[in-house]
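Given next are the chains, with one letter for each unit.
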Amino acid sequence: MKKLVVCKFGGTSMADSKTVAQCASIIKSDEARKFIVVSAPGKSIFEPMKVTDALIACYKEAKETGSCANAFHHVRERFERMVQELGVDLDIKSELDAVEKGINEHTETLDYAASRGEFLSAKLFAKVVGLPFVDASEFVFFDKHGNFDAEYTNDKCREVLGKYDGAVIPGFYGVKRNGEITTFSRGGSDISGSIVARGVSADLYENWTDVNGFLVADPRIVDNPQKIEELSYKELRELSYMGASVLHADAIFPVKKAGIPINIRNTFEPENPGTLIVPNSEYHNGKVVTGIAGKKNFSVILIAKSMMNTQLGFARRILSVLEYHEMPYEHMPSGIDTLSVILDTTGRSSEELEAIVREISSAVQPDSISVIDKISLVATVGHGMFKKVGTAARLFTALARNNVNIRMIDQGSSELNIIIGVANDDYETCIRAIYEEFFL
């Protein structure tokens, strides 16, 4: 039975005619690479703006003036140049005219404009590699609230793409049942590739980007960190959520259901094997710690009340306040008489946080309640920590040796990760200390 590979190429891979030609050579080098998902052209050394950002500017201009003619000039010029340089037989003027007209007519929704970069990119790449174009709107569906409909999408994907031996599909978007274009969050083409891989029952999902895979730690913090050769779905989920941004955090779900491995590859170093992401049952990298990731700028609400553990519904009342404010919580470590709620308050006003604190105080009548701002969370992740004696001791000793004060500790029941909270000022030192302990 022949192997079937789904490839997704990111924005840097589709940025200009030279990189598009490189992607085409990758496809042509392996006949197993049949279904291709592409992003909108991103930044390059010659192009300072991502096409998606230019299209968002088009939407704003059309909404304000009724026409996006001025802002659309950048998009038009870029695609016309790429078509000319690649020498493909594509009536790009007609395609661009239709997109410009569509943006002017769809000023009630930003998603239509934001999605057109992927649409045009896929039209172009289909001509370059000689495969049919299949619009994502034919099989990627969202419900009326904009939530992704995974099972219906999979059924439709299998039905639509089953008619083809191969195809090029735009990433990032789909439609609601009423035909309204709806997008995933930025970077959502990773999810689209995963959807296609599941739908066609691929043997492998290759995600081509501009790096050689996942690194153990952020290279902006740690000098020349080691590459992760292999990690599991669960480890990927933890690291992506905590800030490792090579792959969209939600891209794991479609392929996880089908047990399809993901291979992160570098378009510009195609000979590099990259990072392989495998089902948990097939994981065997032999490391105690697989990776380290973190985020800054969390807030912690500290709640203290004597005999808290005897009060039924205490935590529920706190969570009800958060639910009312549509504020998800990250972690909630507790003691007998204390409880901490860790919140990502990015984009939230100080007035809203103050209102939450007041309402929690009213709901549970604590002995004391206070807020600590500017806290960073750092996750040390790895299946190898499971029942490994001394891992936490090594981590805490390394931090003490580097004068990092731990403000919070949380470990999941799976022993897959240890999450600590430190002051923002200690964030970089914390990550370097953990890396040095486990990898140097």
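Heads up: the structure comes first, above all this text.
Given the structure is predicted, the values throughout are model-derived calculations rather than measurements. (Residues numbered from 1 in each chain as written. Predicted model: local features only at pLDDT ≥ 70, side-chain atom pairs only at ≥ 80, totals over all residues. Heavy atoms only, no water.)

In terms of helices and strands, the protein chain carries 13 helices and 16 strands. Since a compact globule built from 440 residues should have a radius of gyration of about 22 Å, the 24 Å found for the protein chain is in line with a globular shape. When the backbone C-alpha atoms are referred to their principal axes, the protein chain occupies close to 75 × 50 × 40 Å. Counting over 440 residues, the protein chain shows a buried share of 52%. Sequence separation of 24 or more characterises 74% of the internal contacts of the protein chain that already satisfy a separation of 6 or more. For the protein chain, the accessible surface area stands at approximately 20,100 Å², while carbon and sulfur atoms represent 49% of it. Of the side chains in the protein chain, 49 bear a positive and 60 a negative charge, and the two mean positions are spaced by 3 Å. (Helix = DSSP H or I, 4+ residues; strand = E, 2+ residues; numbered from the N terminus. Rg over C-alpha atoms; globule rule 2.2 N^0.38 Å. Buried < 20%, exposed > 50% of the residue type's maximum accessible area, 1.4 Å probe, protein only. Contact = heavy atoms within 4.5 Å. Areas by Shrake-Rupley, 256 points an atom, 1.4 Å probe, with all protein chains shown as cover. Lys, Arg positive; Asp, Glu negative; His and termini not counted. Charge placed at Lys NZ, Arg CZ, Asp CG, Glu CD.)

Here strand 2 (residues 33-38) lies mainly inside the structure; 5 of its 6 residues are buried. With 5 bridges connecting them, strand 1 (residues 5-9) and strand 2 associate as parallel partners. Opposite Lys-8, over in strand 2, you have Val-37 as the bridge partner. Crossover connection from strand 1 via helix 1 (residues 17-28) to parallel strand 2: handedness right-handed. Across 4 bridges, the pairing between strand 2 and strand 4 (residues 167-170) is parallel. Of the residues in strand 4, the one forming a bridge with Val-38 is Pro-170. (Pairing = 2+ DSSP bridges. Right-handed = clockwise from strand over helix to strand, strands pointing away.)

In this section: the sheet that holds strand 12 (residues 329-331). Spatially, 12-13-11-14-16-15 is the arrangement adopted by the 6 strands of the open sheet, whose pairing is antiparallel. Here the strands that pair on one side only, and so sit at the sheet edges, are strand 12 and strand 15 (408-411). Within the sheet, the average angular offset between the axes of one strand and its neighbour, ignoring direction, is 40°. Looking at chain direction, strand 14 (residues 368-381) and strand 16 (residues 417-423) are connected through 7 bridges and run antiparallel. By the bridge assignment, Ser-376 is partnered in strand 16 with Val-422. Packing against the sheet, helix 10 (residues 314-324) makes contact with strand 11 (291-304), strand 12 and strand 13 (338-344), and its axis sits at approximately 20° to strand 13. (Axes fitted to C-alpha atoms, helices over the stretch in contact; angles between N-to-C directions.)

Below, the discussion takes up the nonpolar core. Counting 120 residues, the largest nonpolar core has Ile-103, Phe-125, Phe-139, Leu-161, Ile-169 and Ile-277 as its most contacted members. For this core, the leading source of residues is helix 5 (residues 110-129), giving 10 residues. Not counting residues within four places of it along the chain, the set of residues in contact with Leu-161 comprises Phe-35, Val-134, Phe-139, Ile-169, Val-196 and Val-200. Counting 16 residues, the second-largest nonpolar core is a separate cluster that includes Ile-301, Val-321, Leu-353 and Ile-356. (Core = buried A, V, L, I, M, F, W, Y, C linked by side-chain atoms within 4.5 Å.)

Okay, the sheet that holds strand 8 (residues 230-232) next. Spatially, the 7 strands line up as an open sheet ordered 4-2-1-7-9-10-8, and their pairing is mixed. Across the chains shown, the open sheet's two edge strands, defined by having one partner strand only, are strand 4 and strand 8. Geometrically, the sheet is characterised by an average inter-axis angle of 20° between neighbouring strands, direction not taken into account. Alignment of strand 9 (residues 262-266) against strand 10 (residues 275-278), held across 3 bridges, turns out to be antiparallel. Bridge pairing links Ile-262 to Ile-277 in strand 10. This element, helix 8 (residues 233-241), spans strand 8, strand 9 and strand 10 of the sheet and lies at about 90° to strand 8.

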